[in-house]
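Secondary and tertiary structure notes
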Amino acid sequence: MSPDDGSASPGVTATGSHDEVLRTEQQRGAEQSAVWPSSVPVPAPAGTGTAPFTPTGLVVAVDGPGGSGKSTVSREIARRLGLRYLDTGAMYRAITQVALERRIDIEDPSAVAEVAERTVLTVGTDPDRPSIAVDGDNVDEQIRTRAVTNAVSAVAAVSAVRSRLVAQQREIIAESLAAGGIVVEGRDIGSVVAPDAPVKVFLTASTEVRALRRSRQLGEKGVDDVARTLAELDRRDALDSTRTADPLSVPDGAIVLDSSALSVPEVVDEVLRQSQHLLAATP
Ligand SMILES: Nc1ncnc2c1ncn2[C@@H]1O[C@H](COP(=O)(O)OP(=O)(O)O)[C@@H](O)[C@H]1O
Ligand SMILES: Nc1ccn([C@@H]2O[C@H](COP(=O)(O)OP(=O)(O)O)[C@@H](O)[C@H]2O)c(=O)n1
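From a predicted model like this one, the values you see are computed outputs, not experimental measurements. (Residues numbered from 1 in each chain as written. Chains lettered and ligands numbered in written order. Predicted model: local features only at pLDDT ≥ 70, side-chain atom pairs only at ≥ 80, totals over all residues. Heavy atoms only, no water.)

**Notes on the overall build of the chain**
Under the convention used in this document: Every helix listed is a DSSP run of H or I at least four residues long, and every strand listed is a run of E at least two residues long, numbered separately from the N terminus. Remark: exposure states derive from per-residue accessible area (1.4 Å probe, protein chains only) relative to the maximum for the residue type, with buried under 20%, exposed over 50%, and partly exposed in between. What makes two residues a contact is simply this: any of their non-hydrogen atoms within 4.5 Å.
The secondary structure content of the chain amounts to eleven helices and nine strands. Within the chain, the proportion of its 283 residues that are buried is 46%. Of the contacts formed within the chain by residues at least 6 apart in sequence, a portion of 74% connects residues at least 24 apart.

See below:
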């Protein structure tokens, strides 16, 4: 099933839209007890007896450092399995972009936390057209600038920002289960956001390969550009792996895959091969 085709699996309801409006504080507070984790039983639908009904749906958690191929591989897995796709890095980038635009000191945790608190993110979870908007304005391009990339780790280290975004990510995941499930990528998905995900993947690749990929992606050509990109990637890896709040780590039970010498289809095939038994066991 395509995540966008409006059809529904038997016994579940399609939501019709991939846009998940991340709600105001009041609304979120009222929804903290939403269906999460996915194994929480909810009442049986009328006419089906008294047995508790457990919502079906698959969550695939993909973590790894920059340039390891998370986005590319996650989107392809989502397409192949008919799931939605959530880029959690885009959410941290969007908060960073707002902070930079408002000239907030990104080394001031309470100022950064306030930005996250006042910003409404709208996230599109179609793997063919992922998108993100800030207070209604699309920022897909603005969040990919070098300035945002180099500032995002400081913003993502603020625990108030993380708890806010993690809560929003869990809402999106919970809502996606009714439409079959979701592939979620980031740094703390298998360890913090969705530790009960049936399938967890940790993608990696050598720093050199990741820098080359990122450089090529940015359209850079010179040796100096690659060296600069490598240094920036190294710095971000170090910040993301050593911060106190939810650092990048290999989650328990993850399939660990080094993609340095593998093509994208090879990585996707290998992930699906190694998770076949887990996928088969998921309702
Ligand atoms: N296995 C691979 N082989 C070659 N290029 C890849 C591979 N995986 C990803 N890429 C390319 O590397 C770049 C970075 O990949 P991306 O999926 O954005 O990584 P991440 O989300 O982990 O930062 C993209 O241009 C992508 O097409
Ligand atoms: N779940 C996540 C996702 C991203 N992040 C932060 O957001 C930054 C950008 O994430 P990203 O996935 O867009 O980065 P790339 O690996 O694509 O360059 C990371 O460097 C982390 O600092 C995080 O802390 N937790």
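**Thoughts on the site of ligand 2**
Put simply, the rule reads: A molecule or strand has a residue near it when one of that residue's heavy atoms lies within 4 Å. Contacts described as polar in this section are N or O atom pairs within 3.5 Å, which, within protein, must combine one atom able to donate a hydrogen with one able to accept it, while residues neighboring in sequence count only if both atoms come from side chains. Here the accessible surface of atoms and residues is derived via Shrake-Rupley with a 1.4 Å probe, and residues count as covered only by protein chains that are part of the display.
Around ligand 2 lies a shell of 19 residues, among which Arg93, Arg162, Asp188, Arg214 and Asp240 are the nearest. Note that a nitrogen atom of ligand 2 is positioned 2.8 Å from one of the side-chain N or O atoms of Asp188. Between an oxygen atom of ligand 2 and a side-chain N or O atom of Arg243, the distance comes to 2.9 Å. Isolated, ligand 2 exposes 530 Å² of accessible area, and the fraction of that covered by the protein chains is 98%. For the shell around ligand 2, the elements supplying multiple residues, two or more each, are helix 3 (88-101), helix 5 (146-156) and helix 9 (223-242). Per element, the largest residue contribution to the shell around ligand 2 is four residues, and it comes from helix 3.

**What to know about helix 5**
Along helix 5, the residues that are buried comprise Val148, Thr149, Ala151, Val152, Ser153, Val155 and Ala156. Buried-residue contacts for helix 5 involve helix 3, helix 4 (109-118), helix 6 (159-177) and helix 9.

**A closer look at the sheet that holds strand 8 (residues 199-204)**
This is how the line gets drawn: Two strands pair if DSSP finds at least two bridges between them. For helices, the fitted axis covers only the stretch in contact; all axes are lines through C-alpha atoms, and the angles between them, taken along N-to-C directions, range from 0 to 180 degrees.
An order of 3-7-2-8-9 is seen for the five strands of this open sheet, with the pairing classed as parallel. Of all strands in the sheet, those bounded by a partner on one side alone are strand 3 (84-87) and strand 9 (255-258). For this sheet, the mean inter-axis angle between neighbouring strands, taken without regard to orientation, is 20°. Direction of pairing for strand 2 (residues 58-63) relative to strand 7 (residues 181-186): parallel, over a ladder of six bridges. Opposite Asp63, over in strand 7, you have Gly186 as the bridge partner.

**Brief notes about the side chain of Gln169**
The residue Gln169 is located in helix 6 in this model. Residues contacting Gln169, with those up to four places away along its chain left out, are Leu86, Thr88, Met91, Tyr92 and Val193.

**Some words on the nonpolar core**
Inside soluble globular proteins, nonpolar side chains tend to come together where they are buried. To keep it simple, the criterion reads: To qualify as a nonpolar core, a set must consist of buried Ala, Val, Leu, Ile, Met, Phe, Trp, Tyr and Cys residues joined through side-chain atoms within 4.5 Å.
If you look at the biggest cluster of nonpolar residues, it comprises 38 residues, and the most contacted ones within it are Val59, Leu121, Ile132 and Val161. For this core, the element with the highest residue contribution is helix 3, accounting for seven residues. Ignoring any residue separated from it by four or fewer positions in sequence, one finds Val59 in contact with Ile173, Leu177, Ile182, Val184, Ala194, Ala197, Pro198 and Val199. Val62, Leu83, Leu203 and Val268 belong to the second largest nonpolar core, which has 17 residues in total.

**Re the pairing of strand 7**
Taken across its six residues, strand 7 has six buried, putting it largely inside the fold. Taking every second residue as pointing to the same face, both faces of strand 7 are buried, with Gly181, Val183 and Glu185 on one and Ile182, Val184 and Gly186 on the other. Sheet analysis places strand 3 next to strand 7, joined by four bridges and oriented parallel. When the sheet's bridge partners are listed, Tyr85 is paired in strand 7 with Val183.

**With respect to the pattern of salt bridges**
Put simply, the rule reads: Within this document, salt bridges are pairs made up of a side-chain nitrogen of Lys or Arg and a carboxyl oxygen of Asp or Glu, the two lying within 4 Å of each other.
Applying the stated criterion to the full structure yields 17 salt bridges. The salt bridge partner of Glu76 is Arg79, with a shortest N-O separation of 2.8 Å. Residue Glu76 and its partner Arg79 are located together in helix 2 (residues 70-81), separated by three residues, close to a single helical turn. Taking the shortest distance from any N to any O, the salt bridge between Arg162 and Asp246 comes out at 3.3 Å. With Arg162 in helix 6 and Asp246 in the loop between helix 9 and strand 9, this residue pair connects regions lying 84 residues apart in the sequence. One continuous salt-bridge network, built from bridges that share partners, spans Glu76, Arg79, Arg80, Asp128 and Asp269.

**Some details on the packing of helix 4 against helix 6**
As a reminder of what qualifies: Reported orientations rely on four angle classes, namely roughly parallel under 35 degrees, roughly antiparallel over 145, roughly perpendicular from 65 to 115, and oblique for the rest. Note on convention: the crossing is left-handed when the near helix lies turned anticlockwise from the far helix by less than a right angle, right-handed when the turn is clockwise. Gly falls in the polar group here, along with every residue not listed as nonpolar (Ala, Val, Leu, Ile, Met, Phe, Trp, Tyr, Cys, Pro) or charged (Asp, Glu, Lys, Arg).
Viewed as axis vectors pointing N to C, helix 4 and helix 6 meet at an angle of 20°, and their least axial separation amounts to 8 Å. In terms of axis orientation, helix 4 runs roughly parallel to helix 6. Crossing handedness for the pair helix 4 and helix 6: left-handed. Residue-level inspection shows Val112, Ala113, Ala116 and Glu117 of helix 4 in contact with helix 6, the latter providing Ala160, Val161 and Arg164. Broken down by class, the residue content of the contact of helix 4 with helix 6 amounts to five nonpolar, no polar and two charged.

**Observations regarding the UniProt feature "binding site: ATP" (unreviewed entry) in the chain**
The cut-off we apply is this: UniProt positions are given in the numbering used here, feature names are shortened, and annotations may be inferred rather than shown by experiment.
What UniProt calls "binding site: ATP" (unreviewed entry) maps, in this numbering, to Gly64, Pro65, Gly66, Gly67, Ser68, Gly69, Lys70, Ser71 and Thr72. Here Gly64 is to be found in the loop between strand 2 and helix 2. Once you skip the residues sitting within four places of it in the chain, Gly64 turns out to touch Lys70, Gly186, Arg187, Phe202, Leu203 and Leu248. In this fold, Ser71 is placed in helix 2. Taking relative accessible area as the criterion, Ser71 reaches 30% and is therefore assigned partly exposed. Not counting the four nearest positions on each side in its chain, Ser71 is found in contact with Tyr85 and Glu185.

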